[in-house]
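Notes for the structure review
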Amino acid sequence: MDNRPIGIFDSGVGGLTVAKQVMKVLPKEQMIYFGDTAHLPYGSKSKEAVTKFSKQNVQFLLKKNVKAIIVACNTASANSLEELQATFDVPIFGVIDAGVAEALASTKNKKIGVIGTAGTVRAGAYEKMLCALDGDVSVSSKACPLFVPLAEAGWTNNEIAHLTAKEYLQELLDFGIDSLVLGCTHYPLLKQCIGDVVGDGVTLVDPAKATAGRVGAFLAEHNALHDDAATKEHEFYLSDQTDMFSTICEISLEETHVAEIVDIDGISGK
Ligand code: DGL
């Protein structure tokens, strides 16, 4: 048994969609959420910048005495996970491997689509892992940057969201995909709209739930699950103020929380 919290970080508030799944799958666990809103977006930044910010985020969560860390951000998982795992002495989980396993389990025709930020698509992490695990799979990837501001504006299922989704996704449909990985924290918020555009023949894969399951399995295997039936108070931290926190909290978690603002750039060496 280990009653310390699980840390989760994202580039901002989109990672609350991952936090939601962790709360669902591991309801006894306490969670410390950190959103790096001061450096958002990660999706358009270099691997070096994303890795630097991600290291700061891990350092912050370690100061909160977490027993494991989930990199909710797909861009950080795709670009920085290996370096984080090599640098820090704490179990660190990304979202890519869980998304890959789900996509491989769901595809029948072995044509898989991956959508994410420019940084995630450029890193090619989903594509590399999918093809390494199944040589018969072919992958079509597409950066869909406008989905992020649409989700944050709450325009998740209106005409503009539909037109944007059609524009982005048509080439993946033409490619013949039957499975589509939602490779960005914000995209599950547009699930209905994306599902309408791609139709019933395409399974939408959200890596978050499977990631939470993997973390739970790891903790169980290491006898590190929280033993107390009483739910602990989750904690939320951001590196800059944003109105989006309460909006996404309500849409995603269906709960209200208050986030404390922290100086993340001052974290190193403290
Ligand atoms: N959280 C990021 C991701 O999942 C999306 C937002 C950003 O660009 O920072 O890739």
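Residues numbered from 1 in each chain as written. Predicted model: local features only at pLDDT ≥ 70, side-chain atom pairs only at ≥ 80, totals over all residues. Heavy atoms only, no water.

Bringing the site of the ligand into the picture now. Residues in contact with the ligand amount to 13 residues; listed here are only the nearest, Asp10, Ser11, Tyr42, Gly43 and Thr75. Between the ligand and aspartate 10 there is a distance of 2.8 Å, counted from a nitrogen atom to a side-chain nitrogen or oxygen. Within the complex, 98% of the 300 Å² of free accessible area of the ligand lies under protein. Taken together, the residues that form the shell around the ligand break down as five nonpolar, seven polar and one charged. (Near = heavy atom within 4 Å. Polar contact = N/O pair within 3.5 Å; in protein donor to acceptor, adjacent residues only side chain to side chain. Areas by Shrake-Rupley, 256 points an atom, 1.4 Å probe, with all protein chains shown as cover. Nonpolar A, V, L, I, M, F, W, Y, C, P; charged D, E, K, R; others polar.)

The next subject is helix α10 (residues 207–221). With 15 residues, α10 should cover 21 Å at 1.5 Å per step; its first-to-last C-alpha distance of 21 Å lies within 8% of that length. Along α10, the residues that are buried comprise Pro207, Ala208, Ala210, Thr211, Ala212, Val215, Gly216 and Leu219. Of the residues that open α10, the one with a side-chain oxygen 3.0 Å from the backbone nitrogen of alanine 208 is aspartate 206. Just downstream of α10, asparagine 223 is the residue with a positive phi angle, here 50°. (Helix = DSSP H or I, 4+ residues; strand = E, 2+ residues; numbered from the N terminus. Expected span 1.5 Å × (residues − 1). Buried < 20%, exposed > 50% of the residue type's maximum accessible area, 1.4 Å probe, protein only.)

Another point: the environment of histidine 226. When you line up the elements, histidine 226 lands in the loop between α10 and β9 (235–238). With 221 residues separating them in the primary sequence, histidine 226 and proline 5 have C-alpha atoms 8.3 Å apart. Engagement of the side chain of histidine 226 in a polar contact is seen with the side chain of asparagine 3, the distance being 3.4 Å.

Let us now look at the side chain of threonine 75. Residue position: threonine 75 is located in helix α3 (residues 74–87). Ignoring any residue separated from it by four or fewer positions in sequence, one finds threonine 75 in contact with Tyr42, Gly43, Val50, Thr117, Gly119 and Thr120. (Contact = heavy atoms within 4.5 Å.)

Counting through the fold element by element, threonine 17 comes out in helix α1 (residues 16–25). Classification of threonine 17 by relative accessible area gives buried; the value is 5%. There is a polar contact of 3.0 Å between the side chain of threonine 17 and the backbone oxygen of glycine 14. Sequence-distant contacts of threonine 17, that is, excluding residues within four places in its chain, are made with Thr185, Pro188, Leu189, Ala208 and Ser252.

Once that is clear, we can look at the sheet that holds strand β8 (residues 203–205). Pairing is parallel across the open sheet formed by four strands, whose spatial order is β6-β5-β7-β8. At either end of the open sheet lies a strand with only one pairing partner, and these are β6 (138–143) and β8. Averaged over all pairs of adjacent strands, the angle between strand axes in this sheet comes to 20°, irrespective of strand direction. Two elements, strand β7 (residues 179–183) and β8, share three bridges in a ladder whose sense is parallel. Following the sheet pairing, leucine 180 is matched in β8 by leucine 204. (Pairing = 2+ DSSP bridges. Axes fitted to C-alpha atoms, helices over the stretch in contact; angles between N-to-C directions.)

It is worth spelling out the packing of helix α4 (residues 96–106) against α10 at this point. In the contact formed by α4 and α10, the axes pass within 8 Å of each other and the chain directions differ by 115°. With respect to α10, the element α4 is oriented roughly perpendicular. For α4 against α10, the interelement crossing comes out right-handed. Every residue of α10 that contacts α4 at Asp97, Ala98, Gly99, Ala101 and Glu102 is listed here: Pro207, Ala210, Thr211 and Arg214. Split by residue class, the contact of α4 with α10 holds four nonpolar, two polar and three charged. (Parallel < 35°, antiparallel > 145°, perpendicular 65-115°, else oblique. Left-handed = near helix turned anticlockwise from the far one by under 90°.)

What follows concerns the sheet that holds strand β1 (residues 6–10). Judged by pairing direction, the sheet is parallel, and its six strands sit side by side in the order β4-β3-β1-β2-β9-β10 without closing on themselves. Both outer strands of the open sheet, β4 (92–93) and β10 (260–261), are each paired with one neighbouring strand and no more.

In short, shape yes, function no, at least from these values alone.
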